[in-house]
Each structure stands twice: as structure tokens, then as C-alpha cells.
Amino acid sequence: MTDIILGLQGEIPVNHTKGVPYVAKNKVAACAKHFVGDGGTHNGINENNTIIDEHGLLGIHMPPYYDSIIKGVATVMVSYSSVNGEKMHANHDLVTGYLKSKLHFRGFVISDWLGIDRITSPAGANYTYSVQAGVNAGIDMVMVPFNYTEFIEDATSLVNKRIISMSRIDDAVSRILRVKFTMGLFENPLADLSFADQLGKKEHRELAREAVRKSLVLLKNGNTPNQQFLPLPKKASKILVAGSHASNLGYQCGGWSIQWMGGSGDITA
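About the cut-offs
- Residues numbered from 1 in each chain as written.
- Predicted model: local features only at pLDDT ≥ 70, side-chain atom pairs only at ≥ 80, totals over all residues.
- Heavy atoms only, no water.
- UniProt positions renumbered as here; feature names shortened; annotations may be inferred.
- Domains from an automatic or database assignment.
- Helix = DSSP H or I, 4+ residues; strand = E, 2+ residues; numbered from the N terminus.

Looking up the chain in an unreviewed UniProt entry gives the name beta-glucosidase, with the organism given as Aegilops tauschii subsp. strangulata. Turning to the chain, the UniProt annotation filed under Sequence similarities (unreviewed entry) states: "Belongs to the glycosyl hydrolase 3 family." The Catalytic activity (unreviewed entry) comment attached to the chain in UniProt states, word for word, "Hydrolysis of terminal, non-reducing beta-D-glucosyl residues with release of beta-D-glucose."

Here is the structure:
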């Protein structure tokens, strides 16, 4: 993961202050996610609860974030999931207490898509509380894709009522500005389009196909080592491929294919 960060943000200079984001010229800010324990949820269920003691959490799930911060990662995204029953988007101890204070992360913390809404069950049941809990937990930038006016109104009201302190707002703004200054966005606010003609090049597509081939994982190959299913026999008379995904490129590609949730049919054509 840290190699990916260096690839996106560039090689961090010698003696650069640990925890402070570093993004070289013509590079992009990286994001380490989803903080923390996202891969250890009960029964592997998405957005579920990670049940674990402190030793396990720090020994298994935290090291990638520690390494990422050392490499100057600019942003960290919070997980939809919970740790021991507490939603990560509302977990002050881990977001502010550990990530920011213990690990000295100086970049900014971002919520996931509609992440603060999921603090309550059902989602959005008490949006004002969700804003309060999320921001006070230490989330600096909140991903609000739709009803941003309600978020602004609630956040402003909570600040005016001193439920969210100005020091918390100052911390969030300072972190976001720090990353923007690091990236040079105030000097060069527009994207560099000089490489636009590189998109979709043949060699890039070939590299993507190679990455897919090498990242596939076969969970089980037959009943026993002597009765393997793959590779398929070259002289097999018939092969049955069934189900809704059998002849549907969109379903086979899954999410993040052209669109966030993917789609049905020849969506990549």
C-alpha cells in the first residue's frame, strides 16, 4: 500500500516531518481507507461490526495506516463499519484519539459516501445528531452527495449552539487547507490536460487486463487435488455456464465499472 502512496504522491523527501502530507508536483493526493477494521467484520459482512480487542486491532488492522502516515498520505477515509459496536464515523477515540493524536496524522479525515447518515439506524433517522457525532469524532470533510444544504444548516446551528466547537472547525479547515497548499492547488487550481491523449491507450488497457488476470483468486479448485475442475479439459464436449451473470459483461465486471454500482449489459462497449 505504501508503494501505491509513493507512486501517487511521489517519493517523500529525506527528513520530511512524519505524518505531514507530501504531494510532489504533477502528482495526486492518495487516500488510505477504510479506517479501521473494515476487513475484519463479523462473518465478513459489508458495513458490519468488527469484534476485536485492542491488541488485535492495533496489531492486525492499524499497521497499514501507520505505514501510510509515515509515507505522507494526504487523506484517510473512515469506514462504514463499526468496532465493537461503535460506528467508526462516530468513533472519537479512534479517529481523533488514535489517528490524529497518537499517530500524529496531519492530513484530513474524510467520511465515506453518506457515511455520517449511517451512524443511526435506519440511516438518516436523526441527521442533526449524525452531523454532531461525525464532526466531533474528527471527520474533517463530509461527503454529502445530495442534500448539502441540510448539512450546512445543521453544522452551522451546532456551531452556534457550541455543540461543535470552533476549535474543531478550525482543525478541520486547517487540515484541508494544509493538503491543498501541499498540492499547490492555489497556485495551479486547474488540472493539467497535457496527458489527456494518453487515456485509453492500447498499452494501458493491456496492463489493466494483466492486472485483472494476476489478481484473480480461485477459492476452490475441485473436490480434491486429484479431482480438480481447472484447467478445463481441452476435449470437453460441453461446458455449462448458467445464471444471470453467465452472459452479462456488466454483471461480470461488477461495481466501479464505468459507474459506481456497475450495471447490466455491455456497459464497457
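Still more to cover.
Peer 1: Please clarify how the domain arrangement of the chain should be interpreted in this entry.
Peer 2: Note: interface size is frequently given as the accessible area lost on complex formation between the parts. Along its sequence, the chain is carved into domain 1 (3-183) and domain 2 (239-268). The distance between the C-alpha centroids of domain 1 and domain 2 comes to 32 Å.

Peer 1: Mind showing me how you'd approach unusual backbone geometry here?
Peer 2: In most cases, non-glycine residues show a negative phi, while peptide bonds are predominantly trans. Of note, the bond from Phe35 into Val36 is cis; its omega dihedral lies within 30 degrees of zero at -15 degrees. The backbone of Asn26 sits at a positive phi, close to 65 degrees, despite the residue not being glycine. A positive phi angle, close to 65 degrees, is found at Arg162, a residue other than glycine. Among the structural elements, Arg162 can be located in the loop between helix 6 (148-160) and helix 7 (166-183).

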